[in-house]
Amino acid sequence: EMNEIKHLIGLDALIIFTSAGIYKSISSDKTFSASDLPETTIQCFYGASDVQPVVSGRMVLFGQNGGQIVRDLGYTYVSDSYDSSNLITFARHLFANKTVVNQAFCDEPFHNLFCVMSDGTMNVLTYDKEQEVLGWGKYITDGLFEDVCKIKDDNRDVAFFVVKRVINGVEKRYIEHEEKRENSGVIGTVFSDCSLKYDGVPTDTISGLEHLA
């Protein structure tokens, strides 16, 4: 059969993601050397999708071939191999009749995996392997999510999105990002899309809201 190489991830070994399985490649003396051909062994028969995997600690999060299942991959001492777990077992309704088209992992501070779905929705996984935390949620907006990436901002990872919206009958695309959630109270917090906040003296007139018309 044709077994296409999809991704290469470097951990303690070179992890090779293909369309039909995942392999570990390392030389017999446990180093990468030009004088010794590497040994490549199958770790599991879960193929990978075209979406670029992301790394959380020593775990790799990737889409299974077909795009409807998200899995993790990590070394297990008991089996002395890299094992994979299905992460959507209790959230299959969020992936029904749709596939993951892009993803990004924001490790700090909330360990969130953002998955852009083929129907324009966004599934979000809170994933902390060390604390055995695993939970899915869904982002809903007035528009369609098209892309996501992670950008470092000071001490936190910020998810930036490309969102397609219809404004006055015209399709427009916006670059948006998550607001900080580390707040001491609810006063002054703003989490709604395309929102602005006025922080000044009391007034009867507010301008600069044309984007909401």
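Reference entry: report on the structure contained in this document. Computed from a prediction, not measured in an experiment: that's the story for all the values here. (Residues numbered from 1 in each chain as written. Predicted model: local features only at pLDDT ≥ 70, side-chain atom pairs only at ≥ 80, totals over all residues. Heavy atoms only, no water.)

## Observations regarding the overall build of the protein chain
Here's step 1: The number of helices and strands found in the protein chain is 0 helices and 15 strands.
Here's step 2: Taken over the C-alpha trace, the protein chain has a radius of gyration of 21 Å; the compact-globule value for 213 residues is 17 Å, which it surpasses by more than 25%.
Here's step 3: A principal-axis box enclosing the C-alpha atoms of the protein chain has dimensions of 75 × 40 × 35 Å.
Here's step 4: Looking at the 213 residues of the protein chain, the share that counts as buried comes to 37%. (Helix = DSSP H or I, 4+ residues; strand = E, 2+ residues; numbered from the N terminus. Rg over C-alpha atoms; globule rule 2.2 N^0.38 Å. Buried < 20%, exposed > 50% of the residue type's maximum accessible area, 1.4 Å probe, protein only.)

## A short note on the state of the cysteines
Here's step 1: The tally for this structure, following the rule as stated, stands at 0 disulfides.
Here's step 2: Between Cys 44, a cysteine without a disulfide, and Cys 115, which holds the nearest cysteine sulfur, the sulfur-to-sulfur distance is 18 Å.
Here's step 3: Just so you know, Cys 149 is unpaired, no disulfide at all, and the nearest cysteine sulfur is the one on Cys 106, 8.6 Å from it. (Disulfide = S-S within 2.5 Å.)

## Considerations on the side chain of Asp 72
Here's step 1: Relative to the assigned elements, Asp 72 resides in strand β7 (residues 70-76).
Here's step 2: One polar contact links the side chain of Asp 72 to the main-chain amide nitrogen of Ser 85, over a distance of 3.1 Å.
Here's step 3: Aside from chain neighbours lying at most four places away, what touches Asp 72 is Met 59, Val 60, Leu 61, Phe 62, Asp 83, Ser 84, Ser 85, Leu 87, Tyr 127 and Lys 129. (Polar contact = N/O pair within 3.5 Å; in protein donor to acceptor, adjacent residues only side chain to side chain. Contact = heavy atoms within 4.5 Å.)

Don't take any of this as a statement about function, it's just geometry.
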